[in-house]
Amino acid sequence: MNYIETGEIISLHGIRGEVKVYPWTDYPEFLEEFDTFYIKKNKMHYQRLNAVNVRTHKNVVLIEFEGIDNTEVARNLIGKTLYLDKDEIALEEGTFFIADLIGCKVINNDTNEILGTIKDVKNLGASDIYYIESENGAEYMFPAVDEFLMGTDIDAKTVRIKVIEGMFDED
């Protein structure tokens, strides 16, 4: 299986073992689509957790897991990262996991010049921002909008962009 981080269990909710999860997704409701989650037991092994109930409440997700029906047991989950099996997730056409974008080479679509490597992706409101590091260590922020994204090939680990004038200048 191929696991992907999806959120962090941050606290308890109520007295019956339900937990609050801070989701690391574009929208919290995404997690409502799943009934199987995982937590890391050690470097090599994951523990499967079957969800009985998953619901969104404000900006968190509340999950009730099978076999965890009191606060004493649930308390041991606080601070754990929650994972999904990546193979069970169907993404819409043209969407990608942030983890798959990290490490992609960014290429100027007009000149084929490699501008750098994506080091991080954040969403600051209007769109995702790609944090790109050049070979000489310079860092750039690039808006990941359709107007400037010319193509993404996750298998080849490349992202082709239309360069914004002045953005990648060394001055």
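Residues numbered from 1 in each chain as written. Predicted model: local features only at pLDDT ≥ 70, side-chain atom pairs only at ≥ 80, totals over all residues. Heavy atoms only, no water.

### Side note on the overall build of the chain
Counting secondary structure elements, the chain contains two helices and 12 strands. Along the chain, helices (α) and strands (β) appear in the sequence β-β-β-β-β-α-β-α-β-β-β-β-β-β when read from the amino end. For the C-alpha atoms alone, the extent of the chain along its principal axes is close to 60 × 30 × 30 Å. Of all 171 residues assigned to the chain, the portion counted as buried reaches 36%. (Helix = DSSP H or I, 4+ residues; strand = E, 2+ residues; numbered from the N terminus. Buried < 20%, exposed > 50% of the residue type's maximum accessible area, 1.4 Å probe, protein only.)

### Focus: the packing of aromatic side chains
Overall, the coordinates contain nine aromatic pairs when judged by the stated rule. For the pair Phe-142 and Phe-168, a centre-to-centre distance of 6.3 Å together with 35° between the ring planes defines the contact as tilted. Here the residue Phe-142 occupies a position in strand 10 (residues 139-144), and Phe-168 occupies one in the segment after strand 12 (158-161), the gap between them amounting to 26 residues. Residue classification places Phe-142 among the buried residues on the basis of a relative accessible area of 0%. According to the relative accessible area criterion, Phe-168 is buried, its value standing at 13%. One aromatic cluster is present, built from ring pairs that chain together Tyr-3, Tyr-38, Tyr-46 and Tyr-83. Directly above the ring of Tyr-131 sits Lys-122, whose terminal nitrogen or CZ lies 5.5 Å from the centroid. (Phe/Tyr/Trp six-rings, centres within 6.5 Å; stacked < 30°, edge-to-face > 60°. Lys NZ or Arg CZ within 6 Å of the ring centre and 35° of its normal.)

### Description of the sheet that holds strand 11 (residues 149-153)
The sheet built from six strands is open, its strands ordered 10-9-8-7-12-11 with mixed pairing. Of all the strands in the sheet, just strand 10 and strand 11 have a single pairing partner and so form its edges. Adjacent strand axes in the sheet meet at a mean angle of 35°, parallel and antiparallel pairs treated alike. (Pairing = 2+ DSSP bridges. Axes fitted to C-alpha atoms, helices over the stretch in contact; angles between N-to-C directions.)

### Notes on the layout of surface pockets
There is about 1,200 Å³ of room inside the largest pocket. Forming the boundary of the largest pocket are 34 residues, of which Thr-25, Asp-26, Phe-96, Phe-97 and Ile-98 lie nearest the centre. Among the elements of the structure, strand 1 (3-13), strand 6 (81-85), helix 2 (98-101), strand 8 (114-123), strand 9 (128-133) and strand 11 are those that each provide at least two residues to the lining of the largest pocket. At four residues, the largest contribution of residues to the lining of the largest pocket is made by strand 1. When the residues that make up the lining of the largest pocket are grouped by side-chain class, the tally is 20 nonpolar, seven polar and seven charged. (1 Å grid on protein atoms, 1.4 Å probe; cavity = no way out; pocket = protein on both sides within 12 Å on 5 of 7 lines; lining within 4 Å. Points joined across faces, edges and corners; volume = space filled by probe spheres on them. Nonpolar A, V, L, I, M, F, W, Y, C, P; charged D, E, K, R; others polar.)

### Description of the side chain of Lys-86
With respect to the helices, strands and loops of the structure, Lys-86 is situated in the loop between strand 6 and helix 2. Judged by relative accessible area, which is 18%, Lys-86 ranks as buried. Side-chain polar atoms of Lys-86 contact the side chain of Asp-100, separated by 2.7 Å. Not counting the four nearest positions on each side in its chain, Lys-86 is found in contact with Asn-2, Tyr-3, Ile-4, Phe-97 and Asp-100. (Polar contact = N/O pair within 3.5 Å; in protein donor to acceptor, adjacent residues only side chain to side chain. Contact = heavy atoms within 4.5 Å.)

### Here we look at the environment of Tyr-27
Along the chain, Tyr-27 turns up in the loop between strand 2 (18-23) and strand 3 (36-40). Given a relative accessible area of 39%, Tyr-27 falls into the partly exposed group. Along the primary structure Tyr-27 and Met-1 are separated by 26 residues, whereas in three dimensions their C-alpha atoms are 24 Å apart.

### Considerations on the environment of Cys-104
Structurally, Cys-104 can be placed in the loop between helix 2 and strand 7 (105-108). Sequence separation between Cys-104 and Ser-134 is 30 residues, and the spatial gap between their C-alpha atoms is 12 Å. Setting aside chain neighbours within four positions, we find Cys-104 in contact with Gly-116, Thr-117, Ile-118, Ile-154, Lys-157, Thr-158 and Val-159.

### Some details on the pattern of salt bridges
Under the definition given, this model contains three salt bridges. Residue Asp-120 pairs with Lys-122 through a salt bridge whose shortest N-O separation is 3.8 Å. (Salt bridge = Lys/Arg side-chain N within 4 Å of Asp/Glu carboxyl O.)

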